[in-house]
Amino acid sequence: MSAPGLALQPRHALSLLHLAALFCTAAQGLAPLGHGAVLDPQGRFQVRWGRHGDRISFLLEVQTLGYVGFGLSTTGAMASSDLVIGGVRQDGKPYLQDCFTHRSREVKKDPHQDYRLEYATENSTHTVLAFSRDLNTCDKNDKLITESTVRVIWAYHSDDVGAEGAKYHGSNRGRKSLRLLNPQNTNDVLPDMPYFNLTNNDVPIPYKDTTYWCQMFKMPALNKKHHVVKVEPVIQQGHENLVHHILLYECGQTLNETLLDYGHECYHPNMPDAFLYCETVLFAWAIGGEGFTYPPHVGLSIGSSTDPKYVLMEVHYDNPTFQEGLTDSSGLRLFYTSHLRKHDAGVIETGVWVSLHHMIPPGMPSFLSEGHCTMECLEEALGSERPSGIHVFAVLLHAHLAGEAIMTRHFRNGEEQKMLAFDSEFDFNFQEFQHLAKERTILPGDNLITECRYNTKGRTSMTWGGLSTRDEMCLSYLMYYPRINLARCESIPEITEQLQFIGVKTIYKPVVTWPFLIKSPKRYNNLTFVEAMNTFQWSKKKGMSFNERILRVPVNVRCSKHESEEWSIQGMLVSPPDVGPYEQEALVCPSSSTLSSPSGSCHRLSVHLIFTLCITVTTTGWNFLFL
């Protein structure tokens, strides 16, 4: 019996695809196809891909003998996309055409055919196509392929393309977000490797849009230190859109074990106090992500006297349609080994401190928030714990529905280093750890800035920092080694200077209510700051001015240790560093290139990375057709 949420694919389809991948790679010297995905729920459209230098190779296997469509889209829609249509005609001749669409969705042949068909084949049910292209084709109709999220669009038909063009594909179409350049990470998990599950047991999902459910677990009793080497989500079948993210926190060494018998809604007034002391993130998974495999020299330590004896699993349930009667048994699966790796892994949460002090005006096509992991925090924490620095090997970028782009910038001695991680086409429904192609060292005195760009054009009231998916976050989780005593390195803009923008002069002190109350001027008297901000008449121009202000005001620092302890810098006000937009490395193209210059940056988030791809192919019989 398969575990809940784990679907098995047809053996014949998988073997065909893998056989073709091996044959094509060996015969043509294509890039190893180390990544793969099933694009449709029925498993009829599968893709494998791999990067080799400045080129990328794709292999498609589709359950059709007609044409196959594959492409990359900024929005996931057909309009303004880079497409391909191809197949194998009845006379055995394969075809592949690079094409694109404008807003009208009319498919046009690209004057620059930048995709190379490597081979094509089909049997009585499936078509297999292999092709490659440059990451940067210097063609304005082709999307630049980068480390950001890509909306892959796909379609197929039972008939090949005729003289009148491709027939409408009907319901045989879809979209899926992927990260094509996420470096391949060797899977060291053997079939007989032991594992344990941390899963909820028929949790009742309340009749509301957002629920955070907390469940305490006791870690397995081991007689010596082990390393967790892989973590997989175990999502109950049919709940793929209900379970938005899962966080695993370390708890104290002592605990009343009666708390293990039941879970509780997180952040609720009746939540057990012991839950509040589980603050150090051990692992993070978000919607759309798959399993995470640690590098061969790093593992998550368990089983020793200093490792967590208890952990808290926080599951965010997103139920915007208010479905009733739902219960869920999702969670995580952890594979572990007694063959120890060289280093123990840790996670640092950086970005904007989750708080109502994080606010985004309505009606803004572009708004930038910054969260600072300050040089003061890193100087104190790393200087005390690890003067030689820590090494980041993966990053998870996290925002909610208004988020459009995220980046984590790295500074040393006032000079900007290569960007740590970015996603210029962030997809709320696809969030996973990005393996870094090269590990990055963070030293005492460095500083990191997490920048998030939001779009609130369709909203009529303020968007606040908070837990709901209709609220916002701006976080980057850094997975690193060796593990040190630093759990969170974040900031939030100072609130009184933010309120001065709308004319607030004084607040009632001491603060005894939350959100706190405003004293003057008279028009805001006895309103909470939340009510005052929503009362203010926002416009795009005012929103832009507000954005400029909050990027300059002092920030409150969060610099916390494990188990709710704090470094001395915690709570201090510091001035944010004066930095300009990130300088994107120029694209190098021949002088005759038709490449359009990247455009449309927002404030400091100036990287505008785009993607497109259009290709199709065909084959007949079992003969491999090499071109």
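Along each chain, residues carry numbers from 1 onward, in the same order as the chain's sequence is written. Predicted model: local features are reported for residues with pLDDT of at least 70 only, side-chain atom pairs are reported and counted for 80 or more only, and whole-chain, interface and lining totals are derived from all residues. Only hydrogens and water are set aside when side-chain values are computed; all heavy atoms of the structure are taken into account.

A. Inspection of the overall build of the chain at higher detail. Numbering of helices and strands runs from the N terminus, with a helix taken as a DSSP run of H or I at least four residues long and a strand as a DSSP run of E at least two residues long. Along its length, the chain carries five helices and 42 strands. Classification of the 627 residues of the chain by burial places 56% in the buried group. The long-range share in the chain, meaning contacts at least 24 apart out of those at least 6 apart in sequence, stands at 77%. Accessibility throughout is a Shrake-Rupley quantity obtained with a 1.4 Å probe, and a residue counts as covered only by protein chains that appear here. Approximately 27100 Å² of the chain is accessible, and the part contributed by carbon and sulfur atoms is 50%. Burial classification: accessible surface area is computed with a 1.4 Å probe over protein chains only, and a residue below 20% of its type maximum counts as buried, one above 50% as exposed, and the rest as partly exposed. Contacts between residues were defined by any pair of non-hydrogen atoms, one from each residue, lying within 4.5 Å.

B. The sheet that holds strand β36 (residues 488-493), seen in detail. Strands qualify as paired when DSSP identifies two bridges or more between them. Across the sheet, which stays open at both edges, the seven strands sit in the order β32-β28-β35-β25-β36-β39-β40 with mixed pairing between neighbours. On the outer flanks of this sheet lie β32 (434-442) and β40 (573-574), each paired with one strand and no other. Pairing of strand β28 (residues 390-398) with strand β35 (residues 475-481), which is carried by seven bridges, proceeds in the antiparallel orientation. Bridging across to β35, histidine 398 finds its partner in leucine 475.

C. View of the state of the cysteines. The disulfide criterion used throughout: a pair of cysteine sulfur atoms within 2.5 Å. Going through the model one piece at a time under the given rule, you end up with five disulfides. Between the sulfur atoms of cysteine 214 and its disulfide mate cysteine 266 the distance is 1.9 Å. Judged by the sign of its S-S torsion, about 120 degrees, the cystine formed by cysteine 214 and cysteine 266 is right-handed. With cysteine 214 in strand β14 (residues 210-218) and cysteine 266 in the loop between β17 (264-265) and β18 (280-286), this residue pair connects regions lying 52 residues apart in the sequence. Taking the relative accessible area as the measure of exposure, cysteine 214 reaches 2% and is therefore buried. Residue class for cysteine 266 comes out buried when judged on its relative accessible area of 5%.

D. Quick peek at the sheet that holds β18. Pairing is antiparallel in the open sheet, where five strands are placed in the order β17-β14-β21-β16-β18. This sheet does not close on itself; its edge strands, each paired only once, are β17 and β18. The sheet contact formed by strand β16 (residues 243-250) and β18 spans six bridges and is antiparallel. The residue of β18 that forms the bridge with leucine 247 is alanine 284.

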